[in-house]
Amino acid sequence: MASTAFSLGTYIPKNISTNRPLINKFDATALRFKSSSLEHQPVQAPNEKPITLCTRTRREAIGFGFCIGLLDAICQPKSAAAAEATPCELTLSPSGLAFCDKVVGYGPQAVKGQLIKAHYVGKLENGKVFDSSYNRGKPLTFRVGAGEVIKGWDLGILGGEGVPPMLAGGKRTLKLPPELGYGMRGAGCKGGSCIIPPESVLLFDVEFIGKA
């Protein structure tokens, strides 16, 4: 794939200058979810020695704590990295957008019109990568829900029509039908060939970083 940045702008290309980077070749109007106060006291016989829960020595306590920690590490859920590597099943929404959360976020969801940052890898349906913000080392910054990105991106991040909103820190796979991507015109077309052919189904791995 060429190292030149690929625009996520509208799929209606305008006049293309060969001296500009690829990201500027498309119109940026379309891709630029009461307790009681009394404590219970132990019952104790009159002549019986008091019962204590702290009968272990410091060494025993440390050893016991290590065993508990080891058991917790073995039994804890898969890490985010492992979850990310595991294929997940796409859910189809009424709009035709399919989505799958690889990592559910932990931060706030995006607000329409908010300037946000997101990393992404864009692929054709055959798996060929046509663009990656990771390769450029810089996330995409755009105003979500304002038409600065293709419709599938706005819907996939903000949510709606059966798609839950993404939360900051989340990673989601989006499968866009042509009408939510670049449609019958395709994108990056020059000399009879297109980086994104007409009527392409697109796959995006999106990482919603958060507010810009």
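That block above? That's the structure.
Residues numbered from 1 in each chain as written. Predicted model: local features only at pLDDT ≥ 70, side-chain atom pairs only at ≥ 80, totals over all residues. Heavy atoms only, no water.

Draft legend 1. Representation of the overall build of the protein chain in the model. When its secondary structure is counted, the protein chain shows 4 helices and 9 strands. Reading the secondary structure of the protein chain in the N-to-C direction produces α-α-β-β-β-β-α-β-α-β-β-β-β. In the protein chain, which comprises 212 residues, the share counted as buried stands at 35%. When the accessible area of the protein chain is evaluated, it comes to approximately 13400 Å², of which 56% is carbon and sulfur surface. (Helix = DSSP H or I, 4+ residues; strand = E, 2+ residues; numbered from the N terminus. Buried < 20%, exposed > 50% of the residue type's maximum accessible area, 1.4 Å probe, protein only. Areas by Shrake-Rupley, 256 points an atom, 1.4 Å probe, with all protein chains shown as cover.)

Draft legend 2. Examining the packing of aromatic side chains more closely. Applying the stated criterion to the full structure yields 5 aromatic pairs. An angle of 85 degrees between the planes, with centres 5.2 Å apart, marks the rings of Tyr120 and Trp153 as edge-to-face. With Tyr120 in strand β3 (residues 115–124) and Trp153 in helix α4 (residues 151–158), this residue pair connects regions lying 33 residues apart in the sequence. Each member of the pair Tyr120 and Trp153 is classed as buried. Arranged with centres 5.6 Å apart and planes meeting at 90 degrees, the rings of Trp153 and Phe204 form a pair that is edge-to-face. Here Trp153, found in helix α4, pairs with Phe204, found in strand β9 (residues 202–211); they are 51 residues apart in sequence, far enough to count as distant. Take Trp153 and Phe204: they sit in the same class, and that class is buried. The structure contains a cluster of three or more aromatic residues connected by ring pairs, namely Tyr120, Phe130, Phe142, Trp153 and Phe204. (Phe/Tyr/Trp six-rings, centres within 6.5 Å; stacked < 30°, edge-to-face > 60°.)

Draft legend 3. Local environment of the pattern of salt bridges. Evaluated as defined, the whole model comprises 5 salt bridges. A single salt-bridge network, built from bridges that share partners, covers Lys102, Lys123 and Asp205. (Salt bridge = Lys/Arg side-chain N within 4 Å of Asp/Glu carboxyl O.)

Draft legend 4. Seen up close, the state of the cysteines. Under the counting rule described, the total for this entry stands at 2 disulfides. Covalent S-S linkage joins Cys88 and Cys100, the inter-sulfur distance amounting to 1.5 Å. Remark: Cys100 occurs in strand β2 (residues 98–103) and Cys88 occurs in the loop between α2 (80–85) and β1 (91–92); sequence separation between them is 12 residues. Taking the relative accessible area as the measure of exposure, Cys88 reaches 31% and is therefore partly exposed. Classification of Cys100 as buried rests on a relative accessible area of 4%. Here Cys189 engages in a disulfide with Cys194; their sulfurs sit 1.9 Å apart. With the S-S bond torsion at 110 degrees, the cross-link from Cys189 to Cys194 turns out right-handed. If the cysteines joined by disulfides in the protein chain are listed in sequence order, their pairing comes out as 1-2, 3-4. (Disulfide = S-S within 2.5 Å.)

Draft legend 5. Just the environment of Ala212, in detail. Checked against the element boundaries, Ala212 lands in the segment after β9. Sequence separation of Ala212 and Leu115 is 97 residues, and the distance between their C-alpha atoms is 5.5 Å. Once you skip the residues sitting within four places of it in the chain, Ala212 turns out to touch Leu115, Ile116, Lys117 and Thr141. (Contact = heavy atoms within 4.5 Å.)

Draft legend 6. Spotlight on the pairing of strand β8 (residues 193–196). Looking at chain direction, strand β7 (residues 187–190) and β8 are connected through 3 bridges and run antiparallel. Residue pairing across strands places Cys189 opposite Cys194, the latter belonging to β8. What sits between β7 and β8 in their antiparallel hairpin is a turn of 2 residues, with Gly191 showing a positive phi close to 60 degrees. (Pairing = 2+ DSSP bridges.)

Draft legend 7. Summary view of the nonpolar core. Formed by 30 residues in total, the largest nonpolar core has its most connected members in Phe142, Trp153, Ile157, Leu176, Leu202, Phe204 and Val206. Going through the elements one at a time, β3, β5 (140–143), α4, β6 (171–176) and β9 are the ones with two or more residues in this core. Excluding residues within four positions of it along the chain, Leu176 makes contact with Leu97, Ile150, Gly152, Trp153, Gly181, Ser200, Val201, Leu202 and Phe204. (Core = buried A, V, L, I, M, F, W, Y, C linked by side-chain atoms within 4.5 Å.)

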